[in-house]
Amino acid sequence: MNDRKVLRWGIMGAGNIGNRMAGSLTAVPNNKLIAVASKSAVKAKEFADRHNVKNFYNYHEIVNDPDIDIIYVATTHNFHFENAKLALEHGKHVLIEKAFTVNAREARVLANIARENKLFLMEAIWTRFLPSINLLKSKLLNGEIGIVKQINISYGKFVGPDYEKRLKDPALAGGVTLDMGIYPISMVCYLLGEIPINIKSMTRFSDLGVDEISNYMFRFPSGCLAIICTSYNLEMKNEAVFYGSKGFIEFPQFQKGERFVINIHDGTNDIKDTIEVFEKNHIDGFIYQIEEVYNCIMNGKLESDTIPLNETIGIMDLMDKMRAEWGFVYPFE
Ligand SMILES: NC(=O)c1ccc[n+]([C@@H]2O[C@H](COP(=O)([O-])OP(=O)(O)OC[C@H]3O[C@@H](n4cnc5c(N)ncnc54)[C@H](OP(=O)(O)O)[C@@H]3O)[C@@H](O)[C@H]2O)c1
């Protein structure tokens, strides 16, 4: 690590999210984007010009630049494993966009390489770091609605043209579960602090053969049940409701909203109290996850406590099991 305590980033993949992250990195002090890599030299140069980035590379050049501390893997899901492996094998810390990998087997290999080489590795589920989400988590864990017994979440939208190609293509490991379902799946695990022990799921396939609407039912070790519906081509209500023994919490605009409502019934059918909670998130929600990566690396931590690798692997296992229930195998698997 350099002695100026600046974390020097490189981005692999000059697409949508790489561009967004380049902007966010300028907003967090002591983090600097110094290189971008793309399979296309033209795209890399354009990206570098747009974001005023010094170096534009191919993938082998970026991992061989000794000035880079951390690589952000911002490619489509099918490439995450090989891109992250290349970076780790060249001694770089790595942040990988969600979904971490295509399956749990790949996730385990990456975690092992990172651990053996004492490198930081994390899945970029940025919403776990939002202040509003962390306030919600503390309310649930502090028993504001008693024992949490049931969670219902809908998370669906019509994806825009920039994202459509990736989401619909089996060769890019598209489909709603790896792309969007991962958010509510990862979020219920985070909020409850546990991973489901029983799952049942169903999907509807698109014409091109990826899951376009998927429903998941979970039972957690605590006994809490969850139902999650997700889609990339339906506008859903996009809300979460948490039902407990003493009340329920409504969270509209799940999961990046800033407001939720706690309804207390104290075990009766009458609402006795309604409390509105508001917690402001920064307009650029990515900054919190950048701060987390910075703090972990500067403090010599190889994993984030907020999203540890074993939890990422456990969630990849869940998604593997659900895909197995549907007989859904990617063409390259
Ligand atoms: N956190 C969030 O809010 C958020 C939002 C959207 C997406 N994501 C995640 O970010 C990652 C990338 O998504 P994105 O929307 O940025 O993807 P994208 O713009 O479609 O593609 C990103 C990069 O992947 C490579 N790629 C894309 N299509 C390819 C193809 N047909 N053949 C070969 N390479 C291809 C390209 O890399 P090169 O530049 O090297 O050619 C491209 O620049 C995914 O993991 C996605 O789930 C996260």
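Remember, it's a predicted structure, so these values are computed and weren't measured experimentally. (Residues numbered from 1 in each chain as written. Predicted model: local features only at pLDDT ≥ 70, side-chain atom pairs only at ≥ 80, totals over all residues.)

Draft legend 1. Seen up close, the overall build of the protein chain. Looking only at helices and strands, the protein chain features 10 helices and 14 strands. Taken over the C-alpha trace, the protein chain has a radius of gyration of 20 Å; the compact-globule value for 333 residues is 20 Å, and the two agree within 12%. Counting every position in the protein chain, which comprises 333 residues, the buried fraction comes to 44%. Contacts in the protein chain between residues at least 24 apart in sequence constitute 66% of all its contacts with a sequence separation of at least 6. (Helix = DSSP H or I, 4+ residues; strand = E, 2+ residues; numbered from the N terminus. Rg over C-alpha atoms; globule rule 2.2 N^0.38 Å. Buried ≥ 20, exposed ≤ 12 C-beta atoms within 10 Å, placed from the backbone. Contact = placed C-beta atoms within 7 Å.)

Draft legend 2. Summary view of the domain arrangement of the protein chain. On domain assignment, one finds that the protein chain holds domain 1 (7-127) and domain 2 (131-280). Across the boundary between the two partners, domain 1 contributes nine residues, which contact 14 residues of domain 2. In the side of domain 1 that touches domain 2, the residues fall into three nonpolar, five polar and one charged. (Domains from an automatic or database assignment. Nonpolar A, V, L, I, M, F, W, Y, C, P; charged D, E, K, R; others polar.)

Draft legend 3. Focus on the sheet that holds strand β12 (residues 247-252). Spatially, the eight strands line up as an open sheet ordered β8-β9-β10-β7-β11-β12-β13-β14, and their pairing is mixed. Of all strands in the sheet, those bounded by a partner on one side alone are β8 (198-205) and β14 (273-278). If you compare each strand with its neighbour and ignore which way they point, the axes differ by 10° on average. Sheet analysis places strand β13 (residues 259-264) next to β14, joined by six bridges and oriented antiparallel. Along β14, the bridge assignment pairs Ile-264 with Asp-273. Running at roughly 55° to β8, helix α10 (residues 309-326) makes contact with β8 and β9 (211-219) of the sheet. (Pairing = 2+ DSSP bridges. Axes fitted to C-alpha atoms, helices over the stretch in contact; angles between N-to-C directions.)

Draft legend 4. The arrangement of the site of the ligand in detail. With respect to spatial proximity, 21 residues lie near the ligand, and among them Gly-15, Asn-16, Ile-17, Ser-38 and Glu-97 are the closest. Where the shell around the ligand is concerned, the elements lending two or more residues are α1 (16-26) and α7 (161-168). Considering each element in turn, the shell around the ligand owes the most residues, three residues, to α1. Of the residues assigned to the shell around the ligand, the class counts are six nonpolar, nine polar and six charged. A domain-level breakdown of the shell around the ligand finds at least three residues from each of domain 1 (7-127) and domain 2 (131-280). (Near = placed C-beta within 6 Å.)

Draft legend 5. Structural view of the nonpolar core. Counting 95 residues, the largest nonpolar core has Ile-11, Val-36, Ile-71, Tyr-72, Val-94 and Val-188 as the members making the most contacts within it. Broken down by element, the residue count for this core peaks at 11 residues, all from helix α8 (residues 176-192). The two domains that each donate at least three residues to this core are domain 1 (7-127) and domain 2 (131-280). (Core = buried A, V, L, I, M, F, W, Y, C linked by C-beta atoms within 7 Å.)

Draft legend 6. Region of the structure containing the pairing of strand β10 (residues 225-231). Where strand β7 (residues 148-156) and β10 come together, seven bridges link them in parallel fashion. For Gln-150, the partnering residue across the bridge sits in β10 and is Leu-225. The sheet contact formed by β9 and β10 spans seven bridges and is antiparallel. Counted as the bridge partner of Arg-219 is Leu-225 from β10.

Draft legend 7. Highlighting the packing of helix α4 (residues 77-89) against helix α5 (residues 104-116). At a minimum axis separation of 10 Å, α4 and α5 run at an interaxial angle of 10°. Relative to α5, the element α4 is oriented roughly parallel. On the side of α4, the interface is formed by Phe-81, Ala-84, Lys-85, Leu-88 and Glu-89, while α5 contributes Glu-106, Leu-110, Ile-113 and Ala-114. Residue classes in the contact of α4 with α5 are distributed as six nonpolar, no polar and three charged. (Parallel < 35°, antiparallel > 145°, perpendicular 65-115°, else oblique.)

Draft legend 8. Geometry of the sheet that holds strand β2 (residues 31-37). Pairing is parallel in the open sheet, where six strands are placed in the order β3-β2-β1-β4-β5-β6. Two strands bound the open sheet, and with one partner strand each, they are β3 (55-57) and β6 (121-124). Across the sheet, the mean angle from the axis of one strand to that of its neighbour is 25°, orientation sign disregarded. Looking at chain direction, strand β4 (residues 70-73) and strand β5 (residues 93-97) are connected through four bridges and run parallel. When the sheet's bridge partners are listed, Ile-71 is paired in β5 with Val-94.

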